Amino acid sequence: MFGSTTKKEIRENVFFKHHNVETNDDASELLNGLLKKQKTINPKYFYDTRGSELFEAITQLPEYYPARTEKHILSHNAPEIAQYCGKDAVLIEPGSGSSEKIRLLLNALTPKSYIPMDIAAEFLQRSACQLGEEYPWLNIHAICSDFSKSAQIPTDIPLGKRVIFYPGSTLGNMTPESALVYLKQLRQWVSSTKPGEQGGILIGVDLHKSSTLLSAAYNDAQGITAAFNLNILNNVNQLAHANFDTEKFDHLAFYNEAQQRIEMHLISNIDHIVRVNNHSLTFAKGESIHTENSYKYTIDSFNALVNKAYLTVEKTWLDKESLFSVHYLSPI
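Calculation criteria
- Residues numbered from 1 in each chain as written.
- Predicted model: local features only at pLDDT ≥ 70, side-chain atom pairs only at ≥ 80, totals over all residues.
- Heavy atoms only, no water.
- Helix = DSSP H or I, 4+ residues; strand = E, 2+ residues; numbered from the N terminus.
- Rg over C-alpha atoms; globule rule 2.2 N^0.38 Å.
- Buried < 20%, exposed > 50% of the residue type's maximum accessible area, 1.4 Å probe, protein only.
- Contact = heavy atoms within 4.5 Å.
- Areas by Shrake-Rupley, 256 points an atom, 1.4 Å probe, with all protein chains shown as cover.
- Lys, Arg positive; Asp, Glu negative; His and termini not counted.
- Charge placed at Lys NZ, Arg CZ, Asp CG, Glu CD.
- 1 Å grid on protein atoms, 1.4 Å probe; cavity = no way out; pocket = protein on both sides within 12 Å on 5 of 7 lines; lining within 4 Å.
- Points joined across faces, edges and corners; volume = space filled by probe spheres on them.
- Nonpolar A, V, L, I, M, F, W, Y, C, P; charged D, E, K, R; others polar.
- Salt bridge = Lys/Arg side-chain N within 4 Å of Asp/Glu carboxyl O.
- Pairing = 2+ DSSP bridges.
- Polar contact = N/O pair within 3.5 Å; in protein donor to acceptor, adjacent residues only side chain to side chain.
- Axes fitted to C-alpha atoms, helices over the stretch in contact; angles between N-to-C directions.
- Parallel < 35°, antiparallel > 145°, perpendicular 65-115°, else oblique.
- Left-handed = near helix turned anticlockwise from the far one by under 90°.
- Core = buried A, V, L, I, M, F, W, Y, C linked by side-chain atoms within 4.5 Å.
- Phe/Tyr/Trp six-rings, centres within 6.5 Å; stacked < 30°, edge-to-face > 60°.

A. Quick look at the overall build of the chain. For the chain, the helix and strand inventory stands at ten helices and 16 strands. Taking 20 Å as the expected radius of gyration for a compact globule of 332 residues, we find that the chain reaches 20 Å, a close match to that expectation. Along the three orthogonal principal directions, the C-alpha set of the chain runs to about 60 × 45 × 35 Å. Within the chain, buried positions represent 54% of all 332 residues. Partitioning the contacts of the chain with sequence separation of at least 6, the portion at a separation of at least 24 is 69%. Accessible surface, the chain as shown: approximately 14,500 Å² in total, 50% of it carbon and sulfur. For the chain, the centre of its 31 positive side-chain charges and the centre of its 37 negative side-chain charges are spaced 4 Å apart.

B. Representation of empty space enclosed by the protein within the structure. Applying the stated criterion across every chain yields a total of one cavity of 30 Å³ or more. Put simply, the largest cavity is a space of about 40 Å³. Phe55, Thr59, Tyr64, Pro66, Ala67, Glu70, Lys101, Gly168 and Phe324 are the residues that line the largest cavity. Looking at which element gives the most residues to the lining of the largest cavity, the answer is helix 3 (residues 65-76), with three residues. Here the residues of the lining of the largest cavity are counted per class, giving five nonpolar, two polar and two charged.

C. Local environment of the pattern of salt bridges. Applying the stated criterion to the full structure yields twelve salt bridges. With a closest N to O distance of 3.9 Å, glutamate 53 and arginine 50 form a salt bridge. In this pair, glutamate 53 and arginine 50 are both assigned in helix 2 (residues 49-58), three residues apart and thus about one turn of the helix distant. Lysine 209 serves as the salt-bridge partner of aspartate 206, at 2.9 Å between the closest nitrogen and oxygen. Exposure class is identical for aspartate 206 and lysine 209. Each is buried. Salt bridges sharing common partners tie together Arg50, Glu53, Glu122 and Arg126.

D. Spotlight on the sheet that holds strand 14 (residues 288-295). Strand order across the open sheet formed by four strands is 4-14-11-10, with mixed pairing between neighbours. Across the chains shown, the open sheet's two edge strands, defined by having one partner strand only, are strand 4 (39-40) and strand 10 (249-256). Note that strand 10 and strand 11 (residues 261-268) share eight bridges and pair antiparallel. Looking at strand 11, one finds that alanine 253 is bridged to methionine 264.

E. Structural context of the side chain of histidine 251. Position of histidine 251 among the secondary structure elements: in strand 10. At 3.1 Å, the side chain of histidine 251 forms a polar contact with the backbone oxygen of tyrosine 218. For histidine 251, the side chain forms a polar contact with the side chain of asparagine 229, separated by 3.0 Å.

F. Representation of the packing of helix 7 (residues 176-190) against helix 10 (residues 299-308) within the structure. Relative orientation of the contacting elements helix 7 and helix 10 amounts to 50°, with a least axis distance of 9 Å. It follows from the interaxial angle that helix 7 and helix 10 lie oblique. Seen along the crossing, helix 7 lies across helix 10 with a hand that is right-handed. Facing helix 7, whose interface residues are Pro176, Ala179, Leu180, Leu183 and Lys184, helix 10 presents Leu305, Val306 and Lys308. Residue composition of the contact of helix 7 with helix 10, by class: six nonpolar, no polar and two charged.

G. Region of interest: the nonpolar core. Formed by 38 residues in total, the largest nonpolar core has its most connected members in Ile41, Leu233, Phe244, Phe249, Val276 and Ile289. The biggest single contributor to this core is helix 9 (residues 224-239), with seven residues. The contact partners of leucine 233, leaving out residues within four places of it in the chain, are Ile41, Phe244, Thr246, Phe249, Leu266 and Ile289.

H. The arrangement of the packing of aromatic side chains in detail. Inspection of the entire model under this criterion finds 15 aromatic pairs. Summarising the aromatic geometry, the rings of tyrosine 135 and tryptophan 137 are spaced 6.0 Å apart at their centres and angled 85° between planes, so their arrangement reads as edge-to-face. A relative accessible area of 10% means that tyrosine 135 is categorised as buried. By relative accessible area, which is 40% here, tryptophan 137 ends up partly exposed. Ring centres of tyrosine 166 and tyrosine 182 lie 5.3 Å apart, and the angle between their planes is 50°; on these two criteria the pair is classed as tilted.

I. Molecular detail of the environment of leucine 183. On the secondary structure map, leucine 183 appears in helix 7. Take leucine 183: its relative accessible area is 0%, and that puts it in the buried class. The spacing of leucine 183 and valine 306 is 123 residues in sequence and 7.4 Å in space, taken between C-alpha atoms. When neighbours within four sequence positions are excluded, leucine 183 is seen to be in contact with Leu171, Ile203, Leu305, Val306, Ala309, Leu311 and Leu329.

All quantities given are derived from atomic positions and should not be read as evidence of function.
Here's what the structure looks like:
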């Protein structure tokens, strides 16, 4: 599925490798989603360079409690987290973005190597270089890839005990059924038959709470989340030869209490036609494109999901208000 370039050294302690995803695959996937009765775009397409930058801005917003709460949990519990992860681990972060949160753990963990993985090549390379400057002792092997399409971990990463770092409640973007499949995949990544190399998963999970607090987190006063949501159309234009006009859509985010999930949509504000990959798509005024779900779990419901993936929760860390949770998982 992936073609790859030769790994190149971009700093003394930073290496970068690009696993190319064919543009035609993206175009077909995007068109198929937009041809559904409920038009959809996979949220992974938020993260072109501009989208990645906007998301980093979202994490700094006062309304966006998940980022600051998770960062507090990680920094406050770093020594104990390091005990569970173990020293000299091969630390792998799918969807690493700017690698901001791993900075809270690096000095405590002192990993053998760090493998950030992200779909936005330029943003990933820039972030890896910055991290390499800040931590000259850290070996960084950055891999640009669509990890959601790869059932197998890349074969060219350093050997050793593998620990997956998956913060940010990203698992909530998946349906519970898809989350189960993904957790099983991660279990394969960290499982080992070698003594002392059985790995684990350090994962952030957002918790069910007041719909008022949840809705505010996805409808910030500055409109940055709205800009992030709308920017996905610019990425679709590039990847699927489309002509979306962001002025013709409005941001909508709300908490679906019955499904225990935030839903994000783009609402067409006029009747119009959009060209996507040589197809004409008709949008009625008020029609939506469903761009993201963010499922919220209870501690019990997350434990039940994990057990179905043949994993066990070794330890759970919470903030004082139980807004967010961080878990260390091990294969059963």
